Amino acid sequence: MRLADLAELRSGIELAIVGLAADRIDADGVALLQDALEREASSSAAERAEVIHDLHAAVAAAAGNRVLELVALVLIRLSRLNQIERLAARANAQIDAEVHRAHEGIAAAVEAGDHELARRRMKRHLDALGGVMRKGE
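The rules behind these values
Residues numbered from 1 in each chain as written. Predicted model: local features only at pLDDT ≥ 70, side-chain atom pairs only at ≥ 80, totals over all residues. Heavy atoms only, no water. Buried < 20%, exposed > 50% of the residue type's maximum accessible area, 1.4 Å probe, protein only. Helix = DSSP H or I, 4+ residues; strand = E, 2+ residues; numbered from the N terminus. Core = buried A, V, L, I, M, F, W, Y, C linked by side-chain atoms within 4.5 Å. Contact = heavy atoms within 4.5 Å. Expected span 1.5 Å × (residues − 1). Arc of directions from axis to C-beta. Polar contact = N/O pair within 3.5 Å; in protein donor to acceptor, adjacent residues only side chain to side chain.

Trainee: Can you help me understand helix α4 (residues 54-62) in this one?
Mentor: For an α-helix, 3.6 residues make a turn, and residues three or four places apart therefore share a direction. Where burial is concerned, most of α4 is hidden: 7 out of the 9 residues are buried. Where α4 is concerned, the buried positions are D54, L55, H56, A58, V59, A60 and A62.

Trainee: Help me understand the environment of E104, please; the structure alone is not making it clear to me.
Mentor: Structurally, the position occupied by E104 is in helix α6 (residues 89-111). For E104, a relative accessible area of 40% gives the class partly exposed. For the pair formed by E104 and R121, sequence separation is 17 residues and the distance between their alpha carbons is 9.9 Å.

Trainee: I would appreciate a short explanation of the nonpolar core in the present structure.
Mentor: Across soluble globular proteins, you tend to see nonpolar side chains buried next to one another. In this structure, I17, V18, L33, L55, V59, I106 and V110 are the most contacted members of the largest nonpolar core, which totals 28 residues. For this core, the secondary-structure elements that each account for two or more residues are α1 (3-24), α2 (27-42), α4, α5 (66-86), α6 and α7 (115-136). The leading source of residues in this core is α1, at 8 residues. Discounting chain neighbours no more than four positions away, the residues touching V18 are V59, I106, V110, A118, R119 and M122.

Trainee: Could you clarify how one ought to interpret α2 in this entry?
Mentor: Here α2 is 16 residues long and its end C-alpha atoms lie 22 Å apart, about the 22 Å a rise of 1.5 Å per residue gives. Among all positions of α2, only G29, L33, A36, L37 and E40 are buried. In a view along the axis of α2, the buried residues occupy a sector of 95°, so they form one face of it. Among the exposed residues of α2, those pointing more than 90 degrees away from its buried face are A27, D28, E38 and S42. One side-chain oxygen of the residue at the start of α2 lies 3.2 Å from the amide nitrogen of D28, identifying that residue as D26.

Structure, rendered in structure tokens:
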């Protein structure tokens, strides 16, 4: 499997999901987003691979569509496995440097119920990750 192909599929699915999450966010969804951000912010470099995708899983859960959530979780897992196996350490450091800021912006837009802003921020984030993934191939 090529990472670029995986990134392209994941981007399409997650853009649909983030829009739904912004439209359907409730108190439980906000709590999921905030918990994911807290775990990410407090994780060590060694723990980061375990928690870096949690915000994406929380957005998928907040969307309220179990089928899309399942698809997203599978794509997140595949991305994580391929990221660990294929990306150089330099690429992982580059991802870590930007990801928390991007995740905070995505979460804020979802929590505000701003469908379009959430989609724009998620697209920008996934496009950046896709570029890093293509470099790692």
